[in-house]
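# Fold and geometry: a report
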Amino acid sequence: MTAPFFKYGMFGDETSLVIAFAIGIGFGFFLERAGFGSARKLVSQFYLNDLAVFKVMFTAIVTAMLGVTYLSWIGILDLSLVYLTPTYVLPQLAGGLILGFGFVVGGYCPGTSVAAFATGKVDGLLYLLGILAGTFAFAELYPLVARFHTATSLGDTTIPQYFNLPYGLVVFAVVVVAVSGFWAAGLVERAFGAKGVEERSHP
Amino acid sequence: METRSDTLERWPSAGEESAVAAKAAAPYMNPYLAGVGLGLVLLAAFVIMGRGLGASGGFNAIVAFLMNEVAPEHAKTREWLAGYFVGDASPLKEWLFFEIVGVFTGALISGLLARRVHVEVEKGPRVSVGVRLAMAFGGGVLMAIGAALARGCTSGQALTGGALLNLGSWGAMLMIFAGAYALAYFVRWEWR
């Protein structure tokens, strides 16, 4: 086991911030490349005429998932040292729903709004300011929601752990679901898409 | 091949000026190729740092910093931001803040290379600029509250937690799509 490098003390906190910047550059680059600096491109996912959000997201999830699975299987990466956000069932389901509302109302999510702002979108800037205002409001009103925010805690847990399934089986299932989804996405775009959307999505 | 002028035909409200400027913009990357690229960046974060990508956490750091500048006594009593006031370091000395500065930089580089950087407002043909900007602000407020409750946004929960098969992340991801699809019909005047 030699990875995660940071957890094995290969570099310190100061260096980790430089790495954060570098990783962020890669993140922002591919978000913008995919067209995710555009609210109209992003919300097309929810009107079914361009499913790039689903395709990019699930391709990224499958790529990284297969990567960590393989690297941990050959003994390079200690997966138990990779940070897992603890599960709190109800606040995460409710939060996800409100996130979804914010996505289709505002046209972005936090990461894509940064990409939008970087490429000159004024609505991206307003979205950013909205995030700051909402975060401030949440910090002020936190005592009112603190009990809900910490309710239904399950700790750090994964789908294989919670349902007592082999890790590899769940990985395989996610790949099958993703690939079926990509196939279905093509059909959906042909049915709902504006003329030529399919061709434009696959240059 | 996608070009900006194609997009503008579908949403003809965009200004003449941006249509001219946009003519030369490069097409977007194939979504599967972009997804592999994004996935490798995420994998690099796991291997190098032992953590995934994020975005909303970077905004928390900015809010903690701003509150600390304006009202330091008050800011330090905010239980939800307590993690940003450990020790004497600035709240901005935070991994996710440096990461979102990187996101801005990377998106700008990609946008410049593709000739996609111009000042404009993204909206459908039936909505005014003012209303669209108000909706963008409101969407941001909702997103912030949702991300705070869910302990992460599309990046920190859906993408990162999705790849780690995190139980709560998959729950949040499904609800993100459910929420957006549920409300899409009612805000179609903003986009179509």
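Everything numeric in this text was worked out from a predicted model, so none of it was measured. (Residues numbered from 1 in each chain as written. Chains lettered and ligands numbered in written order. Predicted model: local features only at pLDDT ≥ 70, side-chain atom pairs only at ≥ 80, totals over all residues. Heavy atoms only, no water.)

Here we take up the overall build of chain B. In terms of helices and strands, chain B carries 10 helices and zero strands. The order of α-helices and β-strands along chain B, N terminus first, is α-α-α-α-α-α-α-α-α-α. Burial statistics for chain B: of 192 residues in total, 58% are counted as buried. Look at the contacts in chain B between residues 6 or more apart in sequence, and 62% of them connect residues 24 or more apart. For chain B, the exposed surface amounts to about 7500 Å²; the carbon and sulfur share of it is 68%. (Helix = DSSP H or I, 4+ residues; strand = E, 2+ residues; numbered from the N terminus. Buried < 20%, exposed > 50% of the residue type's maximum accessible area, 1.4 Å probe, protein only. Contact = heavy atoms within 4.5 Å. Areas by Shrake-Rupley, 256 points an atom, 1.4 Å probe, with all protein chains shown as cover.)

A count of helices and strands for chain A gives nine helices and two strands. Reading chain A from its N terminus to its C terminus gives the helix and strand order α-α-α-β-α-α-α-β-α-α-α. Across the 203 residues that make up chain A, the buried fraction comes to 57%. Relative to all contacts within chain A whose residues are 6 or more apart in sequence, the contacts with residues 24 or more apart total 63%. Surface summary for chain A: the accessible area is close to 8200 Å², and the carbon and sulfur share equals 72%. Taken as two groups, the 10 positive and 11 negative side-chain charges of chain A have centres that lie 11 Å from each other. (Lys, Arg positive; Asp, Glu negative; His and termini not counted. Charge placed at Lys NZ, Arg CZ, Asp CG, Glu CD.)

For Glu32 of chain A, the position within the fold is in helix α1 (residues 13-33). When residues no more than four places from it in sequence are discounted, the contact partners of Glu32 of chain A are Thr119 of chain A together with Tyr28, Ala107, Ser110, Gly111 and Arg116 of chain B.

Looking now at unusual backbone geometry. For the bond from Ala3 of chain A to Pro4 of chain A, the omega torsion is 0°, close enough to zero to count as cis. Despite not being glycine, Asn164 of chain A has its phi angle at roughly 55°, a positive value.

For helix α4 (residues 56-70) of chain B, with 15 residues, the first-to-last C-alpha span of 21 Å sits near the 21 Å given by 1.5 Å per residue. Judged by how many residues are buried, α4 of chain B sits mostly within the fold: 11 of 15 residues are covered. Listed as buried for α4 of chain B are Ser56, Gly57, Gly58, Phe59, Asn60, Ala61, Ile62, Val63, Ala64, Met67 and Asn68 of chain B. As for α4 of chain B, its buried residues are in contact with α5 (110-118) and α6 (122-149) of chain A together with α5 (72-75), α6 (95-113) and α7 (129-150) of chain B. (Expected span 1.5 Å × (residues − 1).)

Contacts between chain B and chain A engage 123 residues on the former and 128 residues on the latter. Buried surface at the junction of chain B and chain A, both sides included, amounts to about 11400 Å², of which 74% is carbon and sulfur. The tally of links between chain B and chain A comes to five salt bridges. Between Glu14 of chain A and Lys93 of chain B there is a salt bridge, with its nearest N and O atoms 2.8 Å apart. Taken together, the connections running from chain B to chain A amount to 37 residue pairs in polar contact (both at pLDDT 80 or more). In terms of residue count, the dominant contributor to the side of chain B that touches chain A is helix α3 (residues 31-49) of chain B (18 residues). Among the residues forming the side of chain B that touches chain A, the class breakdown is 76 nonpolar, 28 polar and 19 charged. (Buried area = accessible area lost by both parts, 1.4 Å probe. Salt bridge = Lys/Arg side-chain N within 4 Å of Asp/Glu carboxyl O. Polar contact = N/O pair within 3.5 Å; in protein donor to acceptor, adjacent residues only side chain to side chain. Nonpolar A, V, L, I, M, F, W, Y, C, P; charged D, E, K, R; others polar.)

Another point: the nonpolar core. In terms of nonpolar packing, the biggest core is built from 105 residues, with Met57 of chain A together with Leu81 and Leu159 of chain B touching the most fellow members. Among the elements that make up this core, the one with the highest residue count is helix α3 (residues 52-73) of chain A (13 residues). Setting aside residues no more than four positions away along its own chain, Leu159 of chain B makes contact with Phe27, Met57, Ala60 and Ile61 of chain A together with Leu38, Leu42, Leu53 and Thr154 of chain B. (Core = buried A, V, L, I, M, F, W, Y, C linked by side-chain atoms within 4.5 Å.)

Turning our eyes to something else, we now look at the pattern of salt bridges. With the rule as written, the count across this model stands at eight salt bridges over all chains. Across the pair Arg40 of chain A and Glu122 of chain B runs a salt bridge, and its minimum N-O distance is 3.1 Å. Taken together, the residues span two chains, with Arg40 of chain A in helix α2 (residues 39-43) and Glu122 of chain B in the loop between α6 and α7. Each member of the pair Arg40 of chain A and Glu122 of chain B is classed as buried. Here Glu189 of chain A and Lys55 of chain A are joined by a salt bridge, their closest N and O atoms 3.0 Å apart. You can see Glu189 of chain A sitting in helix α8 (residues 167-192) and its partner Lys55 of chain A sitting in helix α3, a full 134 residues away along the chain. Considered together, Glu189 of chain A and Lys55 of chain A belong to a single accessibility category, that of buried residues. One connected set of salt bridges, linked through shared partners, spans Asp123 of chain A together with Arg132 and Glu190 of chain B.

Turning our attention to the environment of Leu99 of chain A. By the element assignment, Leu99 of chain A lies in helix α4 (residues 89-106). On the accessibility criterion, Leu99 of chain A (1% relative accessible area) is buried. Sequence separation between Leu99 of chain A and Pro110 of chain A is 11 residues; the distance between their C-alpha atoms is 9.9 Å. Other than its neighbours up to four places away in sequence, Leu99 of chain A contacts Met143, Gly146, Ala147, Ala150, Gly152, Cys153, Thr154 and Ile176 of chain B.

Residues and elements named next belong to chain B. You can read the domains of chain B as domain 1 (26-114) and domain 2 (127-192). Centre-to-centre separation of domain 1 and domain 2, based on C-alpha positions: 17 Å. Contacts between the two partners involve nine residues from domain 1, matched on the other side by 10 residues from domain 2. For the pair domain 1 and domain 2, the two sides together bury roughly 670 Å², of which 77% comes from carbon and sulfur. Of all residues in domain 1, the largest losses of buried area upon contact with domain 2 belong to Phe46, Leu53 and Ser56, amounting jointly to 51% of the total for that side. Viewed at the interface, domain 2 and domain 1 are joined by zero salt bridges. (Domains from an automatic or database assignment.)

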